[in-house]
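Observations on the model geometry
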Amino acid sequence: MRSAGEVCPPSRVSPNCYDNAMTDRSPLSLYLHIPFCTLKCSYCDFNSYAGIESLMRPFVDALCDEMRLWAPVVADRRVETAFFGGGTPSLLPVKEVERIVGAMRGAFELAPDAEVSFEANPGTVERDYLRNLLAAGVNRISFGVQSFHDDELAALDRIHSGEEAKEAYHWAREAGFERINLDFIYGLSEQPMERWQTTLEQAIALGPEHLSLYALTIEEGTKLAHDIERGRVPGPDGDVQAAMYEWSCERLAHAGYHQYEISNWCRPGEECRHNLVYWRNGEWLGLGPGAHSHLAGTRNKEQGTGKMGYRFADVHSPRRYIDLVRETVECGVDGAAGGHAGPLLREMRQVAFVEEQTVEMEMADTAILGLRLNEGVDVREFERRFGRSVEEAYGGVLAETESFGLVERKNGHVRLTDRGRLLGNEVFVRLLPP
Ligand code: SF4
């Protein structure tokens, strides 16, 4: 890892790794991190901040500049999906969203059917806002609802009520959104099964195209972790969470939702295309404070040890991000000069972390992320990508986890069993590179 603005020594990032990747026409995704929130939720450890609204304009300037900096490097790629995440993107005034989408269209070739997703907090939207968002080019909206019980929402420090979440959903439908996701958290402290069931039943009754359900996890440094440490509230009960998960899987299947990832369900054909890129270990460019990227490099299948590209991330602090993007622009960094990302990564002041990817790292990521999907890891695609079969790479782990009933092989895929989805970490740790 290197600190923000530090110039990466040439040995760390070889421009040659990039040359080939930039000549194919493989698809690209964009992640845009919007770091603003009205209030920090008790459980949240995302890179988001309350009380920095004054930075909104300079932040959008920086985000647009960062897109322009990358544009020449990925000029022959086509953006198939874009995702506004955060943070709370819906705190951005529509004018700023329009500015970002305009800069995106100016900098990149956006596919005509590109999926443009936008995370929204139900406590921040109005009917007109949603209408204007759709007009600005957003075509999929994801509401962080978490619960329909007001006492649970208050315990999580959410800024909206259950009724307001339903109202926001109906406004989005009226505005014309045809693809809506709702996010929920189950297994809250002392949450009985029936209360979670009531929440999920209400969600099903609304009829969203997509549902994401996450078990509450306690993240270090959050207000909730602090309260649990002090004994003010009990921690979540893993057995209750497992029971809630199993009930949810059955209930959603019965309601016609297809589970396609450990925590995600949808109506047929309504998978989040952007998140599928992550789970298939595809390529994306992350822009904004703390945003991570994954771009491929050359493939050296013969030796099986070639560098496969990079993971890199922007500096976390929104203020530093704004300053450092400005410095990068002022330094005259110009992606058009060479058309290679390698030298550009060294010069991008806002890039705070760069990691070269070995074949072993990429194979492990492809296996672990792919196993999160119900379809699992495509055995032929794995071999095409790495020049090694899944069996050659992970035969021992597969045999062991199959014997535990956690993994199975089916229709040319390796995938988790129902039991494996509950105990996924038991499999994932075995796949990590030594
Ligand atoms: S709204 Fe989302 S990003 Fe913001 S503090 Fe709450 S959970 Fe975190």
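These numbers were taken from a predicted model, which means no experiment stands behind them.

Looking now at the packing of aromatic side chains. Aromatic ring pairs: the centre-centre distance and the angle between the two ring planes describe each pair. By the definition in use, this model includes 13 aromatic pairs. For the ring pair Tyr 186 and Trp 196, a centre distance of 5.5 Å and an interplane angle of 40° mean the geometry is tilted. Taken as a pair, Tyr 186 in strand β7 (residues 180-186) and Trp 196 in helix α7 (residues 193-206) lie far apart in primary sequence, 10 residues in all. Classification of Trp 196 by relative accessible area gives buried; the value is 0%. Site record: aromatic cluster; members linked through ring pairs are Phe 148, Phe 184, Tyr 186 and Trp 196. A cation over a ring is seen here: Lys 166 above Phe 148, with NZ or CZ 5.0 Å from the ring centre.

Before going further, it helps to spend a moment on the pattern of salt bridges. Tallied over the entire structure, the rule returns 33 salt bridges. One salt bridge in this structure joins Arg 349 and Glu 327, with 3.4 Å as the shortest N-O distance. A residue pair is termed long-range when its members are at least 10 positions apart, and Arg 349 in the loop between α12 (341-347) and β14 (351-358) and Glu 327 in helix α11 (residues 318-330) qualify at 22 residues. When its relative accessible area of 25% is taken as the criterion, Arg 349 is described as partly exposed. Glu 327 sits in the partly exposed class, given a relative accessible area of 33%. Of the charged contacts in the structure, one is a salt bridge between Arg 385 and Glu 362, with a shortest N-O distance of 3.8 Å. Of this pair, Arg 385 sits in helix α14 (residues 379-386) while Glu 362 sits in helix α13 (residues 359-372), and the two are 23 residues apart along the sequence. Note on accessibility: Arg 385 and Glu 362 belong to one class, buried. Within the structure, one salt-bridge network assembled from shared partners comprises Arg 57, Asp 61, Glu 96 and Arg 99.

A few words on unusual backbone geometry. Of note, the bond from Gly 86 into Gly 87 is cis; its omega dihedral lies within 30 degrees of zero at 15°. Counting through the fold element by element, Gly 87 comes out in the loop between β4 (78-86) and α3 (94-107). In this structure, Gln 146 takes a positive phi of about 75° despite not being glycine. Mapping Gln 146 onto the fold places it in strand β6 (residues 140-146). Owing to a relative accessible area of 7%, Gln 146 belongs among the buried residues under this scheme.

Below, the discussion takes up a negative patch on the surface. Residues Glu 126, Asp 150, Glu 164 and Glu 167 make up a contiguous surface patch of negative charge. When you line up the elements, Asp 150 lands in helix α5 (residues 150-155). A residue is classified by how much of its surface remains accessible, and Asp 150, at 46% relative accessible area, is partly exposed.

What follows is about α13. In this model, α13 (14 residues) spans 20 Å end to end at C-alpha, consistent with the 20 Å of a helix rising 1.5 Å per residue. When α13 is considered as a whole, its buried residues turn out to be Val 359, Glu 362, Met 363, Ala 364, Thr 366, Ala 367, Ile 368, Gly 370 and Leu 371.

Turning our eyes to something else, we now look at the packing of helix α2 (residues 56-70) against α11. Two quantities define a packed helix pair, namely the angle between the axes and the distance from one axis to the other. Relative to each other, α2 and α11 sit at 40°, their axes nearing to 9 Å. Taken together, α2 and α11 sit at an angle that is classed as oblique. The handedness of the crossing between α2 and α11 comes out as left-handed. Here Pro 58, Phe 59, Ala 62, Leu 63, Asp 65, Glu 66 and Leu 69 of α2 come into contact with α11, specifically with Tyr 321, Ile 322, Val 325, Thr 328 and Val 329.

Predicted coordinates in areas of low pLDDT are best not read in detail. Mean pLDDT over the protein chain: 91, with 90% of residues reaching 70 or higher. Low confidence marks residues 1-24, where pLDDT is under 50. Its contacts with residues over four positions away, or in another chain, come to 63 contacts.

Attention now moves to α2. With 15 residues, α2 extends 21 Å between its outermost C-alpha atoms, agreeing within 8% with the 21 Å of an ideal straight helix rising 1.5 Å per residue. All of the buried residues along α2 are Met 56, Phe 59, Val 60, Ala 62, Leu 63, Cys 64, Glu 66, Met 67, Leu 69 and Trp 70.

Further remarks concern the packing of α2 against α3. Their axes nearest at 9 Å, the elements α2 and α3 cross at an angle of 10°. In terms of orientation, α2 lies roughly parallel with respect to α3. On the side of α2, the interface is formed by Arg 57, Val 60, Asp 61, Leu 63, Cys 64, Met 67 and Arg 68, while α3 contributes Glu 96, Arg 99, Ile 100, Ala 103, Met 104 and Ala 107. Residues that form the contact of α2 with α3 fall into these classes: eight nonpolar, no polar and five charged.

A separate point is the nonpolar core. Counting 112 residues, the largest nonpolar core has Trp 70, Phe 108, Leu 130 and Phe 143 as its most contacted members. Counting residues per element, this core draws most heavily on α2, at nine residues. When residues of this core are sorted by domain, at least three fall in each of domain 1 (16-279) and domain 2 (376-431).

Moving on: the pairing of β7. Counting buried positions along β7 yields seven of seven residues, so the element is predominantly enclosed. Residues Ile 180, Leu 182, Phe 184 and Tyr 186 point to one face of β7 and Asn 181, Asp 183 and Ile 185 to the other, with burial holding for every one of them. Of the pairings in the sheet, the one linking β6 to β7 comprises five bridges and is parallel in character. Within β7, the residue paired with Gln 146 across the bridge is Phe 184. Across six bridges, β7 lies against strand β8 (residues 210-215) in parallel orientation. Paired with Asp 183 across the strands is Ser 212, a residue of β8. In this fold, β7 hands off to α7, which returns the chain to β8; that crossover is right-handed.

Conventions we followed
- Residues numbered from 1 in each chain as written.
- Predicted model: local features only at pLDDT ≥ 70, side-chain atom pairs only at ≥ 80, totals over all residues.
- Heavy atoms only, no water.
- Phe/Tyr/Trp six-rings, centres within 6.5 Å; stacked < 30°, edge-to-face > 60°.
- Helix = DSSP H or I, 4+ residues; strand = E, 2+ residues; numbered from the N terminus.
- Buried < 20%, exposed > 50% of the residue type's maximum accessible area, 1.4 Å probe, protein only.
- Lys NZ or Arg CZ within 6 Å of the ring centre and 35° of its normal.
- Salt bridge = Lys/Arg side-chain N within 4 Å of Asp/Glu carboxyl O.
- Patch = residues over 30% accessible without salt bridge, like charges linked within 9 Å, V, L, I, M, F, W, Y side chains within 5 Å.
- Areas by Shrake-Rupley, 256 points an atom, 1.4 Å probe, with all protein chains shown as cover.
- Lys, Arg positive; Asp, Glu negative; His and termini not counted.
- Charge placed at Lys NZ, Arg CZ, Asp CG, Glu CD.
- Expected span 1.5 Å × (residues − 1).
- Axes fitted to C-alpha atoms, helices over the stretch in contact; angles between N-to-C directions.
- Parallel < 35°, antiparallel > 145°, perpendicular 65-115°, else oblique.
- Left-handed = near helix turned anticlockwise from the far one by under 90°.
- Contact = heavy atoms within 4.5 Å.
- pLDDT = per-residue confidence, 0-100.
- Nonpolar A, V, L, I, M, F, W, Y, C, P; charged D, E, K, R; others polar.
- Core = buried A, V, L, I, M, F, W, Y, C linked by side-chain atoms within 4.5 Å.
- Domains from an automatic or database assignment.
- Pairing = 2+ DSSP bridges.
- Right-handed = clockwise from strand over helix to strand, strands pointing away.

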